[in-house]
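Next come the chains, spelled out residue by residue.
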Amino acid sequence: MIVVKVGGGEGIEIDPLLDDVAHLMQQGTPVVLVHGGSHETNEVARQLGHPPKFVTSPSGRTSRYTDRRTLEIFTMVYRGRINSSIVERLQARNVNAIGLSGADGRLLEGRRKSTIRSVEGGKTLLLRDDHTGTVDSVNTELLTMLLGAGYVPVVTPPAISEEGVLINVDGDRAAAAIATALHADALALLSNVPGLLRDVDDPTSLITHIDADDPSEAESAAQGRMRAKIDGAVRAVQGGVRQVAIATANQHQPLRAALAGAGTLVHRRTTAVKEESSA
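Residues numbered from 1 in each chain as written. Predicted model: local features only at pLDDT ≥ 70, side-chain atom pairs only at ≥ 80, totals over all residues. Heavy atoms only, no water.

K.L.:
So what about the overall build of the protein? Which residues, and what values?
P.N.:
If you tally the helices and strands in the protein, you get 9 helices and 16 strands. Relative to the compact-globule value of 19 Å for 279 residues, the protein shows a C-alpha radius of gyration of 18 Å, a close match. Its C-alpha atoms give the protein principal-axis dimensions of roughly 55 × 40 × 35 Å. A buried classification covers 49% of the 279 residues belonging to the protein. When the accessible surface of the protein is split by element, carbon and sulfur atoms take 48% of a total near 12,700 Å². Mean positive and mean negative side-chain charge positions of the protein (29 and 33 charges, respectively) differ by 4 Å. (Helix = DSSP H or I, 4+ residues; strand = E, 2+ residues; numbered from the N terminus. Rg over C-alpha atoms; globule rule 2.2 N^0.38 Å. Buried < 20%, exposed > 50% of the residue type's maximum accessible area, 1.4 Å probe, protein only. Areas by Shrake-Rupley, 256 points an atom, 1.4 Å probe, with all protein chains shown as cover. Lys, Arg positive; Asp, Glu negative; His and termini not counted. Charge placed at Lys NZ, Arg CZ, Asp CG, Glu CD.)

Encoded structure:
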């Protein structure tokens with residue numbers, strides 16, 4: 001069973017990935033597809049007169065500041081337009097897909113952050129009225145039931161808090177939580193970059209392997225949104241997922257290519273050595 005997350009950055013071609021999902025389903029490999037939608041959400045938010053706001057934590061991680069109006073726009077785009085579009089395209093490929101937000105059936109449940117810290121102008125500020133959070137539990141019973149019936153779950157944030165409030169959660173970490181909870185064979189995190197680069201301006205500086213037991217080099221190289229991908233990837237491997245691939249969605253057969261090594265592979269180095277020795 002494979003979990004794949006495709007990002008929502010600018011310029012991502014999703015149809016080749018959906019072709020891959022259809023192929024794997026025909027081969028009898030269950031797939032859970034998680035998606036983002038950041039670029040389109042930003043565009044719609046601007047059109048509606050509520051432009052996006054991003055905050056940087058003291059640790060250097062950048063995230064969307066999600067007040068209630070932003071959450072409404074976010075949900076409208078992610079759950080409404082993008083999720084429905086992906087389901088439609090999979091159905092056209094004879095894949096019986098079903099769209100779900102993390103709130104449906106409490107698929108993704110977590111804690112809403114009461115405040116977030118933001119560094120602005122060299123000062124650390126506390127921001128309230130933010131609807132972001134973290135995924136603490138996955139409704140595996142729901143996913144297992146759907147997978148067992150031959151459906152492809154197409155999952156998107158938001159998640160639901162313990163109090164029943166919608167929360168914006170990071171898609172990469174949500175996909176990692178799903179892969180871990182389902183004991184997936186592999187997790188692929190696809191976006192508009194080829195993987196983790198030592199130099200973001202040099203596509204030839206790709207880091208091809210990361211040891212999940214010693215990710216310090218990767219964590220130092222990661223910038224911006226890549227930090228969440230590395231964090232989610234490492235957690236997934238440490239949680240029992242054998243392999244995580246971080247790669248571009250804009251390549252031929254992107255899912256199969258990523259799992260074959262066309263990007264950055266995250267695994268336990270000791271496990272990889274044992275597999276090579278026994279081969």
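K.L.:
Can you lay out the pairing of strand E6 (residues 108-112) for me, pointing to particular residues and giving the numbers?
P.N.:
Here 5 bridges tie E6 to strand E9 (residues 133-138), and the two strands are oriented antiparallel to one another. Following the sheet pairing, leucine 108 is matched in E9 by valine 138. (Pairing = 2+ DSSP bridges.)

K.L.:
Can you break down the side chain of serine 191 residue by residue, with the values?
P.N.:
Tracing the backbone shows serine 191 in strand E13 (residues 186-191). Judged by relative accessible area, serine 191 falls into the buried class, the value being 6%. Residues in contact with serine 191, not counting those within four places in the same chain, are Ile12, Lys229, Ala247, Thr248, Ala249 and Asn250. (Contact = heavy atoms within 4.5 Å.)

K.L.:
Tell me about the packing of helix H2 (residues 38-47) against helix H3 (residues 68-92), residues and numbers included.
P.N.:
Two numbers describe a pair of packed helices, the interaxial angle and the distance between the axes. Across the interface, H2 lies against H3 with an axial gap of 9 Å and an inter-helix angle of 125 degrees. If you check the angle between H2 and H3, you find them oblique. Every pair of crossing elements has a handedness; the one defined by H2 and H3 is right-handed. On the side of H2, the interface is formed by Ser38, Glu40, Thr41, Val44 and Ala45, while H3 contributes Ile73, Phe74, Met76, Val77, Tyr78, Arg81 and Ile82. Taken together, the residues of the contact of H2 with H3 break down into 8 nonpolar, 2 polar and 2 charged. (Axes fitted to C-alpha atoms, helices over the stretch in contact; angles between N-to-C directions. Parallel < 35°, antiparallel > 145°, perpendicular 65-115°, else oblique. Left-handed = near helix turned anticlockwise from the far one by under 90°. Nonpolar A, V, L, I, M, F, W, Y, C, P; charged D, E, K, R; others polar.)

K.L.:
Outline the sheet that holds strand E11 (residues 159-161), listing residues and values.
P.N.:
Reading across from one edge, E9-E6-E11-E12 is the order of the 4 strands in this open sheet, with mixed pairing throughout. In this open sheet, the two edge strands, each paired with only one partner strand, are E9 and strand E12 (166-167).

K.L.:
Help me get a handle on the packing of aromatic side chains, residues and values and all.
P.N.:
As enumerated under the stated definition, the model contains 1 aromatic pair in all. Seen in terms of ring centroids, phenylalanine 74 and tyrosine 78 are 4.0 Å apart; in terms of plane orientation they differ by 25 degrees. Their pairing is stacked. In this pair, phenylalanine 74 and tyrosine 78 are both assigned in helix H3, 4 residues apart and thus about one turn of the helix distant. Grouping residues by exposure puts phenylalanine 74 and tyrosine 78 together as buried. When the ring centre of tyrosine 65 is taken as reference, the NZ or CZ atom of lysine 53 above it lies at 5.1 Å. (Phe/Tyr/Trp six-rings, centres within 6.5 Å; stacked < 30°, edge-to-face > 60°. Lys NZ or Arg CZ within 6 Å of the ring centre and 35° of its normal.)

K.L.:
Give me the lowdown on the pairing of strand E10 (residues 152-156), citing residues and values where you can.
P.N.:
The element E10 is largely enclosed, with a buried count of 5 among its 5 residues. Strand direction decides the pairing type here: strand E2 (residues 31-35) and E10, joined by 2 bridges, are parallel. Residue pairing in the sheet places valine 34 in a bridge with valine 155 of E10. Across 5 bridges, strand E5 (residues 97-101) lies against E10 in parallel orientation. Across the sheet, residue leucine 100 finds its bridge partner in E10, namely valine 155.

K.L.:
Lay out the sheet that holds strand E15 (residues 243-248) in plain terms, naming residues and giving numbers.
P.N.:
Here 8 strands make up an open sheet; going across it, the order is E5-E10-E2-E1-E13-E15-E16-E14 and the pairing mixed. In the strand order of this sheet, the two ends are held by E5 and strand E14 (209-211), each with one partner. Each neighbouring strand pair of the sheet contributes to a mean axis angle of 20 degrees, computed without reference to strand direction. In terms of strand pairing, E13 meets E15 through 6 bridges, oriented parallel. Its bridge partner being in E15, serine 191 is matched across the sheet by threonine 248. On top of the sheet, H3 reaches E2, E5 and E10; it is set at about 165 degrees to E5, its chief contact. The strands that helix H4 (residues 140-148) touches are E2, E5 and E10; relative to E10, the one it contacts most, it runs at about 145 degrees.

Such coordinate-based values are descriptive only and should not be taken to indicate function.
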